[in-house]
Amino acid sequence: MRISLNGFLSATSDALDAVEYEFYGARKYHALRVAVLAVGMLEEMWLSKVPLGNLVAQGLKAKGTVAAQVGGMIARARAAGLLPDDEELSQGEWPEAPDGATLADLFDGLDLPHLIDLQGLIAPEGTCLSGEAWVDIDVHSLLALFGAATMHDSGLTKYYRELGVRGPSSIVDEPIEFLQDHCVEGERIISIAPFYDEDGPECHAVLYHHENADGSGPFGLTAAETPLFARLIHLADALDVRFSLDDVSSEKYGQIKDYVRKQTGVLFDEEVADAFLRAFPSWRMASLEADQLEPQLEAVLPEVYEDYGGGRLLELGGVFAQITDYKSTFTSHHSRGVARRARMLAEYEGMDADLCDRLYLAGALHDIGKLYVPTDILEKPGRLTPEEFEKMKYHAQKSWDVIGSIDGMEQIRPWAALHHEKLDGAGYPFGLTGDQLDHEDRMMAIADIYQALTEYRPYRTASTHEEAIEMMRKMAALGKIDAELVEEAAACYADGDAEAE
């Protein structure tokens, strides 16, 4: 199963934003802003280490080098009116620069944006230009930072649910041990994400993203002891929480610069603070509004598709399932349970291993839309009002939208998102009828209903296997769900769920 890693990370970011907004009032697109800032600072560090003379000597000779990308950058700058059309910068006409000047200095001298297509830093065979000035850079490290930055608060869902607190004050007043807890949980979640490599620069980036340069953070690490990616995320996260970077005026930008300088050596280390101040002048800070975030990331991140199968596919599902299940105390294992039930039913029918794994992933994803439903509705102890039920139904549409935003998940999208459709057309989100629902769509509905009936809810006790099957038989008799699949479930689930136990 070939899936866009970029799409997975963007979808995860959007879902986490919905939770953070509800739980403590974070501004929307917080995770993406942190990613743009972190990637931009890392870009600046790379550019500041590339000697301009080396680029002039090698650059315009081969496709895929930094200097070749500068040409494209200049063209875009002209189109944007940042550089006059009659100002030529072809090979042999590069501006004079003192010894030791870097590509970043060239950009500063031309007053051009720093943001370039970092995919152009990668040679066709996936290696960088040779030379001592080049730091280790590859597609994995770019996406790993993007992934760690977008998922840096993945542990907050469980953390705030367990604390039972809401609102912006919780961020300010949280005890240091809970800061540790949310970092530990976040690192655990991203450690099963498809981009994570325990030997890569993303290792411990989330675990230590609240460490301060002077060692006063939750784990007491100094800047010298904290991984670079963690330090980048820390500065980006701190600035967005403190200053709400979706709207940066000239006055606010001055406050931000003063704050970064004042906190250098205290909260932020000099290397990262300097990279931020160089990489993000006022015009670029003003471009952190919602509609400009993804285009900025797309400009620097190559689109990466990865093949998932077997254990890797289950790991991918596990990331989504755990984030979703942490939203509500009363459905804390529901997504994982549905995923297991769907796979059990597929195995019972003799489907091949790959299809069984895909159904597991669909089950893990089926309720991701619930991250967009208020927790008060998810955990209401009584019957929902008609208005509340409409809000609850919205989760199926959001599951459809979120999964649809990830290239490569076209096959499992209906399996996951249509689990509330009914054969008689009375379901949601689309009111489909039996002739419009495939066998796998129907299987997911069976797995979801059975799992829900056998789980505790605040308004009822958990049903036994026999009770759940009897209720499902009644639904089948009314033309709601597939009668043959109900009988398969009766036999398949009779011995329980050994994996859950």
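What you are looking at is a predicted structure, and each value in this text was computed from that prediction instead of being measured. (Residues numbered from 1 in each chain as written. Predicted model: local features only at pLDDT ≥ 70, side-chain atom pairs only at ≥ 80, totals over all residues. Heavy atoms only, no water.)

## Things to note about the overall build of the chain
Phase 1: For the chain, the helix and strand inventory stands at 23 helices and 2 strands.
Phase 2: Counting the 501 residues in the chain, one finds 55% classified as buried.
Phase 3: The long-range share in the chain, meaning contacts at least 24 apart out of those at least 6 apart in sequence, stands at 72%.
Phase 4: Here the chain displays about 20,800 Å² of accessible surface, and carbon together with sulfur accounts for 50% of that area. (Helix = DSSP H or I, 4+ residues; strand = E, 2+ residues; numbered from the N terminus. Buried < 20%, exposed > 50% of the residue type's maximum accessible area, 1.4 Å probe, protein only. Contact = heavy atoms within 4.5 Å. Areas by Shrake-Rupley, 256 points an atom, 1.4 Å probe, with all protein chains shown as cover.)

## Examining a negative patch on the surface
Phase 1: Side chains of Glu294, Glu298, Glu303, Asp407 and Glu410 sit close together on the surface and give a patch of like negative charge.
Phase 2: Looking at the element boundaries, glutamate 410 is found in the loop between α19 (386-404) and α20 (412-417). (Patch = residues over 30% accessible without salt bridge, like charges linked within 9 Å, V, L, I, M, F, W, Y side chains within 5 Å. Salt bridge = Lys/Arg side-chain N within 4 Å of Asp/Glu carboxyl O. Lys, Arg positive; Asp, Glu negative; His and termini not counted. Charge placed at Lys NZ, Arg CZ, Asp CG, Glu CD.)

## Remarks on the confidence of the model for the chain
Phase 1: Of the residues in the chain, 74% have a pLDDT of 70 or more, and the chain-wide mean is 78.
Phase 2: The model gives residues 71-84 a pLDDT under 50, and that stretch makes 21 contacts with residues more than four places away or in other chains.
Phase 3: Considering only residues more than four positions removed or in separate chains, one finds that residues 86-99, a stretch of pLDDT under 50, has 19 contacts. (pLDDT = per-residue confidence, 0-100.)

## Here we look at the environment of histidine 209
Phase 1: As for its placement among the helices and strands, histidine 209 is situated in the loop between α9 (176-190) and α10 (228-243).
Phase 2: When the C-alpha positions of histidine 209 and cysteine 183 are compared, they lie 7.5 Å apart, and in sequence the two are 26 residues distant.
Phase 3: Other than its neighbours up to four places away in sequence, histidine 209 contacts His152, Asp153, His182, Cys183, Ala230, Ile233, His234 and Asp237.

## A look at the pattern of salt bridges
Phase 1: All told, the structure shown has 13 salt bridges when counted by the stated rule.
Phase 2: Between aspartate 307 and arginine 2 there is a salt bridge, and its shortest N-O distance comes to 3.3 Å. Here aspartate 307, found in strand β2 (residues 305-307), pairs with arginine 2, found in strand β1 (residues 2-4); they are 305 residues apart in sequence, far enough to count as distant.
Phase 3: Using a relative accessible area of 49% as the deciding quantity, one classes aspartate 307 as partly exposed.
Phase 4: The residue lysine 380 makes a salt bridge to glutamate 388 at a minimum N-O spacing of 2.6 Å.
Phase 5: Each of Arg231, Asp269 and Glu271 takes part in one network of salt bridges that share partners.

## Thoughts on the packing of helix α11 (residues 250-263) against helix α12 (residues 270-279)
Phase 1: The N-to-C vectors of α11 and α12 enclose an angle of 160°; their axes lie 10 Å apart at closest approach. One element, α11, and the other, α12, form an angle in the roughly antiparallel class. Seen from above, α11 lies across α12 with left-handed handedness. Contact residues: Ile256, Lys257, Val260 and Arg261 in α11; Ala273, Phe276 and Leu277 in α12.
Phase 2: In terms of residue class, the contact of α11 with α12 is made up of 5 nonpolar, no polar and 2 charged. (Axes fitted to C-alpha atoms, helices over the stretch in contact; angles between N-to-C directions. Parallel < 35°, antiparallel > 145°, perpendicular 65-115°, else oblique. Left-handed = near helix turned anticlockwise from the far one by under 90°. Nonpolar A, V, L, I, M, F, W, Y, C, P; charged D, E, K, R; others polar.)

## Here's the deal with helix α15 (residues 311-325)
Phase 1: Over its 15 residues, α15 runs 20 Å from end to end, which matches the ideal 21 Å to within 8%, given 1.5 Å per residue.
Phase 2: By the criterion of burial, α15 is predominantly enclosed, with 11 of the 15 residues buried.
Phase 3: Listing the buried residues of α15 in full gives Leu313, Leu316, Gly317, Gly318, Val319, Phe320, Ala321, Gln322, Ile323, Thr324 and Asp325. (Expected span 1.5 Å × (residues − 1).)

## Here we look at helix α17 (residues 353-365)
Phase 1: Compared with an ideal rise of 1.5 Å per residue, which puts 13 residues at 18 Å, α17 spans 19 Å between its outermost C-alpha atoms and is within 8% of the ideal.
Phase 2: Most of α17 is tucked away, with 11 of its 13 residues classed as buried.
Phase 3: Considered for burial, the residues of α17 that qualify are Leu355, Cys356, Asp357, Arg358, Leu359, Tyr360, Leu361, Ala362, Gly363, Ala364 and Leu365.
Phase 4: Next to the buried residues of α17 lie β1, α15, α16 (334-348), α19, α20 and α21 (439-453).
Phase 5: Between a side-chain oxygen at the N-terminus of α17 and the backbone nitrogen of aspartate 354 the separation is 3.1 Å; the capping residue is aspartate 352. (Polar contact = N/O pair within 3.5 Å; in protein donor to acceptor, adjacent residues only side chain to side chain.)

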